[in-house]
Amino acid sequence: MSRVYNFSAGPATLPVEVLEKAQKELVDFHGAGVSVMEMSHRSSEYMAIFNGAIEKLKSLMSVPDNYKIMFLHGGASSQFGMVPLNLFSDKRKADYVNTGAWSKKAIAEAKRYGTINVVATSEDKTFNYIPELSKDMFDSEADYVHITTNNTIYGTTFPELPDVGDVPLVGDMSSNILAQEYDVSKFGLIYAGAQKNIGPAGVAIVIIREDLAGSELDICPKMFNYKTHIDNGSMFNTPPTYAVYMAGLVFEWLLEKGGVAAMQKINEEKAGWLYDFLDNSALFSGTAQVASRSTMNVPFVTTSEDLDAKFIKEAAQIGLKTLKGHRSVGGMRASIYNAMPTEGVKALVDFMKEFELKNK
Ligand code: PMP
């Protein structure tokens, strides 16, 4: 077997133990004589897989009983539309914090249905920081406040959740769900695409405070209505069955590793090695402001675009893959989600040291 260290922002690296388990169970799932891919989503075997995944996620995130978990199609991007279609009241107004390209997409979509107030933005500095927020900046009459908890492209994370009073807080947690502890009760709704920190692409996770579902706009399509999926246990139509099964295996792996608190500690350690190196390097520097740094996505640059390209090429040659930054910002980005082994980050830092010595 030859595995590289894959620093892709998503779809991203998965725990090798999970891949091996899936491989073992691929053709004949526990004596069922079929693969999980071939099972009816309503069969007892599949229902056990599905409900098991929900229960494990509930336990990992300590989801309170008055919240519902859904496994849906359509990626995080569908949530850009589903959130306003379901959470807008007759007022149809919401507050958004603009911390990057994904926030902007969420804002553009919500604007199709109502009035969006952009409370703060970090666009002036290519989104390399999270703006300061205070309660008085938010409209107490808004239907909800939307934030992107971790900004995959720029490597920033909200250092703390904003105080939005009684207005429901909505979090796009696509790139740091299960990577650090969050108090779910502080949110009205959390959503995330799976393909970064959870499993393969194809399933999006939505966690909603139950009372927020059921007052959707009249124009809301049935498939976009949270109540449809809550009432049908995410089985209104065929759910992304195999992606949910894989997510369940990752949840099991996380529980075996000690859960989210244990992962957070390891993630802080892994990111710490990279940031310590970047802060002391004469060649490399991190691009996100210190107070807003992410433990999941670490963007950095050398002193020139030519050296950036050389670094990416030489790193790939020794099995440190997909380090190119997002096309909108350039440079490099190491995505070091839960499943990135500590050895992968150590190998990257060692290579950066060596590269610096040779290229200063
Ligand atoms: N939000 C964030 C923070 C993301 O990083 C991404 C994907 N890169 C998305 C939303 C969009 O996710 P999807 O491709 O699942 O629609």
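Above this note sits the structure.
Residues numbered from 1 in each chain as written. Predicted model: local features only at pLDDT ≥ 70, side-chain atom pairs only at ≥ 80, totals over all residues. Heavy atoms only, no water.

Let's talk about the pattern of salt bridges
Condition: Any carboxyl oxygen of Asp or Glu that lies within 4 Å of a side-chain nitrogen of Lys or Arg is treated as forming a salt bridge with it. We count a stretch as a helix when DSSP gives it H or I for four or more residues in a row; a strand needs E for two or more, and each element gets its number in order from the N terminus. A 1.4 Å probe rolled over the protein chains alone gives each residue an accessible area, and that area as a share of the maximum for its type sets the label: buried under 20%, exposed over 50%, partly exposed in between.
Tallied over the entire structure, the rule returns 14 salt bridges. Across the pair Asp-231 and Lys-227 runs a salt bridge whose closest N-O atoms are separated by 3.1 Å. Taken together, the positions of Asp-231 and Lys-227, both in helix H5 (residues 226–231) and 4 residues apart, correspond to about one turn of that helix. Overall, Lys-227 belongs to the partly exposed group, its relative accessible area being 34%. Between Asp-279 and Arg-293 there is a salt bridge, with its nearest N and O atoms 2.7 Å apart. Here the residue Asp-279 occupies a position in helix H7 (residues 259–280), and Arg-293 occupies one in the loop between strand S11 (285–286) and strand S12 (297–301), the gap between them amounting to 14 residues. The class for Asp-279 is partly exposed, based on a relative accessible area of 46%.

Comments concerning the packing of aromatic side chains
Rules: Centres within 6.5 Å are what make two rings of Phe, Tyr or Trp a pair, Trp counting through its six-membered ring; a difference in plane orientation under 30 degrees is then read as stacked, over 60 as edge-to-face, and the rest as tilted. Here, a charge over a ring means that NZ of Lys or CZ of Arg falls within 6 Å of the ring centre while also lying within 35 degrees of the ring normal.
Under the definition given, this model contains 17 aromatic pairs. Judged by centre distance (5.7 Å) and plane angle (70 degrees), the rings of Tyr-96 and Tyr-144 are edge-to-face. Taken together, the positions of Tyr-96 in strand S3 (residues 93–98) and Tyr-144 in the loop between strand S4 (115–121) and strand S5 (145–148) put the pair 48 residues apart, joining distant regions of the chain. Exposure remark for Tyr-96: the relative accessible area of 1% places this residue in the buried category. Cluster of aromatic residues (ring-pair linked, three or more members): Phe-277, Phe-284, Phe-300, Phe-311, Phe-351 and Phe-355. Above the plane of the ring of Tyr-129 lies Lys-125, whose end atom (NZ or CZ) is 5.6 Å from the centre.

Remarks on helix H9 (residues 342–359)
The periodicity of an α-helix, 3.6 residues per turn, causes residues three or four places apart in sequence to face the same way. Where we set the bar: Here a helix's expected span is defined as the number of its residues, less one, multiplied by 1.5 Å. As used here, the arc belongs to the directions running from the helix axis to the C-beta atoms. Note on contacts: a residue pair qualifies if any of its non-hydrogen atoms lie within 4.5 Å across the two residues.
Under the 1.5 Å per step criterion, the end-to-end length of H9 is 26 Å for 18 residues, consistent within 8% with the ideal 26 Å. Three or more residues of H9 are buried, namely Gly-344, Val-345, Leu-348, Val-349, Phe-351, Met-352, Phe-355, Glu-356 and Asn-359. Down the axis of H9, the smallest arc covering the buried residues is 165 degrees, so these residues share one side. Across from the buried face of H9, at angles greater than 90 degrees, the exposed residues are Leu-357 and Lys-358. Where H9 is buried, its residues meet strand S1 (5–6), H7, S12, helix H8 (305–317), strand S13 (320–321) and strand S14 (332–335).

Thoughts on helix H1 (residues 16–25)
Within H1, burial applies to Val-18, Ala-22 and Glu-25. Taken end-on, H1 shows its buried residues confined to a sector of 70 degrees, consistent with a single buried face. Of the residues in H1, the exposed ones pointing more than 90 degrees away from the buried face are Gln-23 and Lys-24. In this structure, the buried side of H1 is in contact with helix H6 (241–256).

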